[in-house]
Amino acid sequence: MLDLSQKYTNFNTLILRRLRSLLSLFKYFVNYKRYLITGFLFIILSNIFAIFIPPIVRVSINGVLLKLNGDNLPKYIELLPEYFHDILGIALLSGGLILLAALLKGVCMYFMRMSVIVMSRHIEYDQKNDIFKHYQSLGQDFYAKNYTGDLMNRISDDVSKVRMFTGPAIMYSLNLTCMILMVVSMMLYINSAITIYVLVPLPILALSIYLVSDAMNRRSDHIQKRLSKITSFVQETFSGIQVVKSYAAENYFIRDFERLNQDYKNDNMSLVRVNGVFMPVVLALIGMSILITIYIGGNAVVQDKFSLGNIVEYIIYVNMLTWPVASLGYVTSLVQRGAASQRRIDEFMDVSPSEHIGKSKIEKLSNQIVFQDVWFRYDEKLPWVLQAVNFVIDAQSNFGILGTTGSGKSTIAKLLMGIYKPSKGHILIDGIPMQEYDRKSLNGIFGYVSQDIFLFSDTLKNNILIGARSQIDHNNLDAVINCSELEGEIKSFPNGMETVLGERGITLSGGQKQRVSIARALVRKPSILLIDNGLSAVDTKTEVTLKQNIKLWNSDNTSIFISHRISTVQDCDQVIFLDQGKIVESGSHKYLMNSSELYKRLNAKQSEF
Ligand SMILES: Nc1ncnc2c1ncn2[C@@H]1O[C@H](COP(=O)(O)OP(=O)(O)OP(=O)(O)O)[C@@H](O)[C@H]1O
Ligand SMILES: [Mg+2]
């Protein structure tokens, strides 16, 4: 018993928490209150017109019956002009009135949709913009922790589910409440005893529909997940089609696809089975209400407490109530899903923009970058990647970071770019700890060529100018293309600088990608140029020319080269040699060649090739 009440409380807290998340939509509703209020007014109006129809039917049936029996018509019919006093006249008049009421109801429903659904589209638009803007303000640490698919889902799928709440769910709930209140009051006014009997099946209808739609929702969610699995599988197969083909692994992939597809089919079959139950349940319960109306109403007619017209009127009322009651379950699930999605959106919206809280501005590096006893690991459970790293990079110097693969070179670059924070120790830039700088201002002094190069499916020009901040940067474009040795290739591309790269256009070679990425970094003459393995895919001759060009272009600024090749760092003023996260040697190339056995051995090995 205790267990049950505990479960009940937990369930209630869960629902409350979910509903509370919908409160964060309040600000959007305030912005669009005009639409909401207009929508509500049209909902009331459309129901007023709808509720007129059954009494008209009652009056006309009763009138016709009186006429057939040769009795006197009620006074309000007799007040009408003469030609409405016979059967045809009554039928024509009531038909016309019903048509008019239905027409007016239709017009109001159109405006109701135009207000509420339009409001939901506005909210969806604002919400998407807000989320995207917020995503852009989040630090790289956030992106390191969360899956891209998850980020995408929240801005697309979850926003759509919230829209189903702000639009259809709000509209149906208002309409439903309004209609139930009006119709039930009208029925109670006519005959409260009969009304109570007639309405008994409706709560059962609502409950059973809730249960069926819950089962349907759970199955649909499952199907949705299966579908995304299939999509990811197909996407990955096509991205890796070269590997599939070169290892003749087609059959393996076909088998896997068939298995996923089979699961998808099975789940769909189970949804169809539940779906099949839906309509019979609804129809059976409506039938029951109608039967009760006819049976109890019929008895009352015999006792002269109810008219035949009343029975038809009640049947119309029951039909009017059926769909609102039937949609209760659907609306509840829309609200619940909307609330769950909003909570997922809020989880990300509540993440504060960036861990850099500093306000200091920096224009350029004028003194030094200092790594002061820096230790770093990616997670507390993982081993140290950098241990007691100390070094100084002077402004306007060329600095080399050399090391074997996995020694922690890219990690140093990521620390410098503020993607991660040191686990212990400090990084000082011009004597001030990095985190005291404003992130935008700090990133502005770096030109970073990362080891994993990413180019957008956009024109070559836009890819290079992505970091350009001023007209001067834009004017640098031609010079930078020269500098990164891209001129020849660009001439050979079909549309020159306007050639689109990536899936929609041409694919660049590894070396071309590196040079585009270098051009992108150089275009704004960065105070600190940081190239992580950015020269690895070009031949030795091009590497020498590139380095000379970069030196000339960036002569007043600081350059940091990261590589496993001594040839890349040998002209640097200072080189640190990293092994398993520790600096094992440091000094100029000349000094290291004289003093370090390790360095000499590496040099000899690399010169063999
Ligand atoms: N995001 C990450 N999470 C956990 N461990 C990581 C992560 N990135 C890198 N590592 C680990 O940190 C160590 C150093 O990696 P890093 O990328 O800095 O090496 P590197 O010197 O740049 O190597 P390479 O020359 O191959 O580019 C490696 O052992 C790697 O497995
Ligand atoms: Mg690396």
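Since we're looking at a predicted model, the values are computed, not measured.

Calculation rules
- Residues numbered from 1 in each chain as written.
- Chains lettered and ligands numbered in written order.
- Predicted model: local features only at pLDDT ≥ 70, side-chain atom pairs only at ≥ 80, totals over all residues.
- Heavy atoms only, no water.
- Salt bridge = Lys/Arg side-chain N within 4 Å of Asp/Glu carboxyl O.
- Helix = DSSP H or I, 4+ residues; strand = E, 2+ residues; numbered from the N terminus.
- Buried < 20%, exposed > 50% of the residue type's maximum accessible area, 1.4 Å probe, protein only.
- Polar contact = N/O pair within 3.5 Å; in protein donor to acceptor, adjacent residues only side chain to side chain.
- Contact = heavy atoms within 4.5 Å.
- Near = heavy atom within 4 Å.
- Areas by Shrake-Rupley, 256 points an atom, 1.4 Å probe, with all protein chains shown as cover.
- Nonpolar A, V, L, I, M, F, W, Y, C, P; charged D, E, K, R; others polar.
- Donors = N, O, S within 2.8 Å, 3.2 Å for Na, K, Ca; no water.
- Pairing = 2+ DSSP bridges.
- Axes fitted to C-alpha atoms, helices over the stretch in contact; angles between N-to-C directions.
- 1 Å grid on protein atoms, 1.4 Å probe; cavity = no way out; pocket = protein on both sides within 12 Å on 5 of 7 lines; lining within 4 Å.
- Points joined across faces, edges and corners; volume = space filled by probe spheres on them.

**Q** Sorry if this is basic, but what is going on with the pattern of salt bridges here?
**A** Note on pairing: side chains with opposite charge can pair once their charged atoms come close. By the definition in use, this model includes 16 salt bridges. Note that Asp 267 is salt-bridged to Arg 226, the shortest N-O span being 2.8 Å. Of the two residues, Asp 267 is situated in helix 12 (residues 250–302) and Arg 226 in helix 10 (residues 201–239); the sequence distance between them amounts to 41 residues. Since its relative accessible area comes to 14%, Asp 267 is described here as buried. Of the charged contacts, one joins Asp 438 and Lys 361 as a salt bridge, the two residues approaching to 3.7 Å between their closest N and O atoms. Linking Asp 438 in the loop between strand 5 (432–433) and helix 15 (439–444) with Lys 361 in the loop between helix 13 (308–349) and strand 1 (368–376), this pair joins segments that are 77 residues apart in sequence. One salt-bridge network, in which partners are shared between bridges, spans Arg 226, Asp 263 and Asp 267.

**Q** Quick question: what am I supposed to make of the side chain of Glu 543 here?
**A** Here Glu 543 lies in helix 21 (residues 540–553). Classification of Glu 543 as buried rests on a relative accessible area of 2%. In this structure the side chain of Glu 543 is engaged in a polar contact, spanning 2.7 Å, whose partner is the side chain of Thr 568. Ignoring anything within four residues of it in the chain, the contact list for Glu 543 reads Leu 535, Val 538, Arg 565, Ser 567 and Thr 568.

**Q** Where do I start with the site of ligand 1 in this structure?
**A** Taken together, 14 residues sit near ligand 1, with Thr 405, Lys 409, Ser 410, Thr 411 and Gln 451 positioned nearest. At 2.5 Å from an oxygen atom of ligand 1 is found a side-chain nitrogen or oxygen belonging to Thr 411. One of the side-chain N or O atoms of His 564 is found 3.1 Å from an oxygen atom in ligand 1. Out of a free accessible area of 640 Å², ligand 1 has 63% covered by protein chains. Among the residues forming the shell around ligand 1, the class breakdown is 4 nonpolar, 9 polar and 1 charged.

**Q** How should I be thinking about the coordination of the magnesium ion (ligand 2) in this particular structure?
**A** Ideal coordination angles are 109.5 degrees for a metal with four donors arranged tetrahedrally and 90 or 180 degrees for a metal with six donors arranged octahedrally. Those donors, Ser 410 (OG) and Gln 451 (OE1), are the protein atoms that reach the magnesium ion (ligand 2), and they lie 1.9 to 2.0 Å from it. Of this pair, Ser 410 sits in helix 14 (residues 409–416) while Gln 451 sits in the loop between strand 6 (446–449) and helix 16 (460–464); the two residues are 41 residues apart in sequence, bridging distant segments of the chain. With a relative accessible area of 40%, Gln 451 lands in the partly exposed category.

**Q** Could you clarify how one ought to interpret the sheet that holds strand 8 (residues 558–563) in this entry?
**A** Strand pairing in a sheet takes place through backbone hydrogen bonds and is either antiparallel or parallel in direction. The sheet built from 6 strands is open, its strands ordered 6-7-8-3-9-10 with mixed pairing. Where the open sheet ends on each side, the last strands, each with one partner, are strand 6 and strand 10 (582–587). Taken over all neighbouring pairs, the strand axes of this sheet differ in orientation by 15° on average, direction set aside. Alignment of strand 9 (residues 574–579) against strand 10, held across 5 bridges, turns out to be antiparallel. Residue pairing across strands places Val 575 opposite Gly 587, the latter belonging to strand 10.

**Q** Explanation requested: the layout of surface pockets in the structure shown.
**A** In this approach a probe as big as a water molecule rolls over the atoms, and the regions it shows empty are the leftover space. In this structure, the largest pocket encloses a volume near 2000 Å³. Along the walls of the largest pocket sit 43 residues, with Gln 136, Gln 140, Ile 419, Tyr 448 and Phe 456 positioned nearest its centre. Elements supplying a minimum of two residues to the lining of the largest pocket: helix 5 (87–137), helix 6 (140–145), helix 7 (148–155), helix 14, helix 15, strand 6 and helix 20 (510–522). Looking at the lining of the largest pocket, its residues break down into 20 nonpolar, 14 polar and 9 charged. The volume enclosed by the second largest pocket comes to roughly 740 Å³.

**Q** Help me understand the environment of Ser 94 in this model?
**A** Following the sequence through the fold, Ser 94 ends up in helix 5. Separated by 39 residues in sequence, Ser 94 and Pro 55 place their C-alpha atoms 9.9 Å apart. Beyond its immediate chain neighbours, meaning those up to four positions away, Ser 94 contacts Ile 56 and Ser 60.

Keep in mind that these numbers describe shape and distance, not what the molecule does.
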